Amino acid sequence: MARTVCIEVPQGWQQRLIEWANSPSAFGGQAFLLWPGLLEAFDRPEEGRLLCLDALPVRLYPHQRRAVARAVGPLAGRVLLADEVGMGKTIEAGAILKELMLRGRVRRALLLVPAALVRQWHLELARRCDIRACLHPSPGHGWDRDEVVLASLETARIEPHASAIARCRWDLVAVDEAHRLKNSHSAAFRLVARASKRALLLLTATPVHNDLDELYNLVTLLRPGHFGTPRGFRREFTEGPRTPRNVVRLRRLLSEVLVRTRRHEAGIRLPPRHVTNVVVPFDEAGQDLYQNLLKLLRAHGEPLRRGRTALLAAVLLREATSSPAGVACTLRRLADPESGEAWHALRPGLADLLPAAERLEAHHPGPKIRWLAAYLEQNAPPAGSVVAFTQFATTARSAVPYLEAAGIRAALYCGSQGARERARELARFRRECPVLISTDAGSEGQNLQFASCVVNLDLPWNPMRVEQRIGRVHRLGQTRAVFVFNLVVPGTIEEYLLSLIYEKLGMFRDVVGDLDEVVAGVSGGLEGRIRDIVLASPNDEEMRHRLAEVGGFLERQWRRWLAARQLTEAVLDGPPGGAGVAAGGAQGPEGPVEERLAGSG
């Protein structure tokens, strides 16, 4: 019978061995591959001795330091990161990657994330972890060339990319929203299972959605055989698809792959957010311009629902509710004969609308910017207090001179500025300006928790973007209540979105869960679906009806997400005993029914 023999190795000898194994001269720098288990057994950092603490541009919270130390040490880099939503799993994963790179245990890494989060991950890795990831696929790059590769899971799982990834050797693979791997027969699961990897990070706040087999599949990716066979797992640990048994032993086995922190365990409690929806009506001229523009676009709806033309048509409508300067700028561009053949039929109508838009532009900046000026004059907030977001640079640039003329100092932040100019404007905001006028570039990667008020000058057609805006201020490190004002023009698409979609998702009340997962079931994407509805509906009544259908679908998706969270908590956090889960949401005979919302056709 085999026996386990414990060998005491002096600490100094351990360190010299690791340094030698990581040196370029030792077997071409690949010596560490000879003894991965031995080196990882030696190289188990304590929480206070993490190398990344001095290398990261940000300071980790205590629960994040514990997560990194546990992932790099006892769990040897094969981890299910299942912190609750809003606990900073992205930063944890980046810090784990950084620590393993500094220790020489990772040279090449593949990061797979949902398509909607690729840009956010790219920014977070660069700004928070000082890791430069290469976006794939991109010209001049290959899967086998770059050290840290970032790609969408949706792209990576299809050919020829999946096979190219399988041919590469990876030191670490990380997957965000890893519950998407729950089906062992899916292309995404096969992609990760086939990848040659030493370390694997799976990030999800809800590793169990519909049944316990999903948890089995995720753990099998991390440690094949850890739960035995599927049949054995069901026999020992389930009384039904959604009812665990032998919970104490199940959690003990899970502890060998799991890192999970809940807010109350970390002592983290975000201050409240107070949300006010402010009705800001058009004057008569503004209302006429909006209605005439909507009528013109609906009259040519079918040709406008394709490609770039559809995007520009949607921009026109959103700009009309944002500011006269924005819609006038776009009308001037599209009324130009050089704007393209697609707009030929609409060009006379657009040219007719342009004078009205230009008169409005010359007369005032729009009701929303006037409301913002009045709010700032009345409340006189100190420097660094208010962040006003808009989707449009033209709106942002028209707001600043209007506020300055009213005696209100304003900083400007938009994507067209250079890095130095943006940094200078942020410094001005924090030091001397009560308000920052920002495009959505400011909702990507910037931490603005020193502010305490968010004004949404316009509402994007994707609720994820609004939550990202609020999340720049209402986040870890915020010590004050956060006030959010949503400026909405009545009788427009904004009002319908607010009542039929945003409020159905429980938006604005508290930290929102995995919105990306909630909206993922909308075929063609939520923004595209809304755009189709707006342009194809013959009248406002039909538009409200179709948007209500989307809102109802999203509400059901939201309830399913809450049900998945309940099931996850019952398995990972609930009291021992394994009581069944009475979760909300649409249920079939054996659990939640999956649903997708088809396009309008």
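The structure under discussion appears in the preceding block.
Right, let's walk through the structure included here. (Residues numbered from 1 in each chain as written. Predicted model: local features only at pLDDT ≥ 70, side-chain atom pairs only at ≥ 80, totals over all residues. Heavy atoms only, no water.)

1. Regarding the nonpolar core
Of all hydrophobic cores here, the largest spans 105 residues; its most connected members are Leu111, Trp121, Leu172, Leu293, Leu547 and Leu554. Each residue touching Leu172, except ones within four places of it in the same chain, is listed here: Leu97, Leu100, Val106, Arg108, Ala109, Leu110, Leu111, Ala199 and Leu201. Counting 44 residues, the second-largest nonpolar core is a separate cluster that includes Leu112, Val175, Phe227 and Leu250. (Core = buried A, V, L, I, M, F, W, Y, C linked by side-chain atoms within 4.5 Å. Buried < 20%, exposed > 50% of the residue type's maximum accessible area, 1.4 Å probe, protein only. Contact = heavy atoms within 4.5 Å.)

2. Points about the pairing of strand β14 (residues 453-456)
The side-chain alternation of β14 yields two buried faces, one formed by Cys453 and Val455 and the other by Val454 and Asn456. Where strand β11 (residues 386-390) and β14 come together, four bridges link them in parallel fashion. Residue pairing in the sheet places Phe389 in a bridge with Asn456 of β14. In this structure, β14 lies alongside strand β15 (residues 482-488), joined through four bridges in parallel fashion. When the bridges of β15 are listed, Cys453 appears paired with Phe483. Regarding the hand of the β-α-β motif, the stretch spanning β14, helix α22 (residues 463-473) and β15 is right-handed. (Helix = DSSP H or I, 4+ residues; strand = E, 2+ residues; numbered from the N terminus. Pairing = 2+ DSSP bridges. Right-handed = clockwise from strand over helix to strand, strands pointing away.)

3. Details of the packing of aromatic side chains
All chains considered together, the criterion is met by 10 aromatic pairs. An angle of 45 degrees between the planes, with centres 5.3 Å apart, marks the rings of Tyr216 and Phe233 as tilted. Note that Tyr216 is positioned in helix α10 (residues 213-222) and Phe233 in helix α11 (residues 230-237), a separation of 17 residues in sequence. Note on accessibility: Tyr216 and Phe233 belong to one class, buried. Taken together, a centroid distance of 6.1 Å and an interplanar angle of 40 degrees make the contact between Phe282 and Tyr290 tilted. Tyr290 matches Phe282 in its accessibility class, with the two residues each being buried. Three or more aromatic residues joined by ring pairs form one cluster here, namely Tyr216, Phe227, Phe233 and Phe237. One residue, Arg108, lies across the ring of Trp170, its end atom 4.2 Å from the ring centre. Above the plane of the ring of Trp461 lies Arg318, whose end atom (NZ or CZ) is 5.4 Å from the centre. (Phe/Tyr/Trp six-rings, centres within 6.5 Å; stacked < 30°, edge-to-face > 60°. Lys NZ or Arg CZ within 6 Å of the ring centre and 35° of its normal.)

4. Quick notes on the pattern of salt bridges
Summed over the entire model, instances satisfying the criterion amount to 25 salt bridges. Close ionic contact of Lys368 with Glu494 constitutes a salt bridge, the shortest N to O distance being 2.7 Å. Taken together, the residues Lys368 in helix α19 (residues 367-379) and Glu494 in helix α23 (residues 493-502) connect sequence positions 126 residues apart. Given a relative accessible area of 0%, Lys368 falls into the buried group. Judged by relative accessible area, Glu494 falls into the buried class, the value being 2%. Shared partners join several salt bridges into a network, and the residues in it are Glu84, Arg260, Arg262, Glu569 and Asp573. (Salt bridge = Lys/Arg side-chain N within 4 Å of Asp/Glu carboxyl O.)

5. A word on the packing of α11 against helix α12 (residues 247-254)
Following both chains from N to C, one finds α11 and α12 inclined at 135 degrees, their axes separated by 10 Å at the closest point. If you check the angle between α11 and α12, you find them oblique. On α12, the residues that touch Phe233, Glu236 and Phe237 of α11 are Arg249, Leu250 and Leu253. Its residues assigned to classes, the contact of α11 with α12 shows four nonpolar, no polar and two charged. (Axes fitted to C-alpha atoms, helices over the stretch in contact; angles between N-to-C directions. Parallel < 35°, antiparallel > 145°, perpendicular 65-115°, else oblique. Nonpolar A, V, L, I, M, F, W, Y, C, P; charged D, E, K, R; others polar.)

6. Thoughts on empty space enclosed by the protein
For the coordinates displayed, the defined rule picks out three cavities of 30 Å³ or more. Taken as a whole, the largest cavity spans an internal volume of roughly 110 Å³. For the largest cavity, the lining is made up of 14 residues, of which Phe282, Gly286, Ala320, Pro324 and Leu360 are closest to its centre. Those elements that place two or more of their residues in the lining of the largest cavity are α14 (284-299) and α17 (324-335). Each residue belonging to the lining of the largest cavity can be placed in one class, and the counts come to seven nonpolar, six polar and one charged. (1 Å grid on protein atoms, 1.4 Å probe; cavity = no way out; pocket = protein on both sides within 12 Å on 5 of 7 lines; lining within 4 Å. Points joined across faces, edges and corners; volume = space filled by probe spheres on them.)

7. Concerning unusual backbone geometry
In this chain, His136 is followed by Pro137 through a cis amide linkage whose omega measures -10 degrees. As for its placement among the helices and strands, Pro137 is situated in the loop between β3 (134-135) and β4 (148-152). The step from Glu159 to Pro160 runs through a cis peptide bond, and the omega angle for that step is 5 degrees. If you trace the backbone, Pro160 turns up in the loop between α7 (153-156) and α8 (161-167). Phi is positive for Ala76, close to 55 degrees, though the residue is something other than glycine. Positive phi, normally seen in glycine, also occurs at Glu177, with a value near 50 degrees. With respect to the secondary-structure elements, Glu177 resides in the loop between β5 (169-175) and α9 (187-194).

8. Here we look at the sheet that holds strand β6 (residues 196-203)
If you trace the seven strands from one edge of the open sheet to the other, you get β3-β4-β2-β5-β6-β1-β9, paired in parallel fashion. The outermost strands of the open sheet, each flanked by one partner alone, are β3 and β9 (258-259). Sheet topology places β3 next to β4; two bridges connect them, and they run parallel. Directly across from Leu135, in β4, lies its bridge partner Leu150. This element, helix α6 (residues 118-129), spans β2 (109-113), β3, β4 and β6 of the sheet and lies at about 155 degrees to β4.

9. Quick notes on the packing of α14 against helix α18 (residues 347-363)
Close contact between α14 and α18 brings their axes to 10 Å; oriented N to C, the two are set at 160 degrees. If you check the angle between α14 and α18, you find them roughly antiparallel. Along this stretch, α14 crosses α18, giving a crossing that reads as left-handed. Together, Ala285, Gly286, Leu289, Asn292, Leu293 and Leu296 of α14 and Gly349, Leu350, Leu353, Ala356, Ala357 and Leu360 of α18 make up the contact between the two elements. Split into classes, the residues belonging to the contact of α14 with α18 amount to nine nonpolar, three polar and no charged. (Left-handed = near helix turned anticlockwise from the far one by under 90°.)

Note that every value here comes from positions in space, so none of it alone points to a role or purpose.
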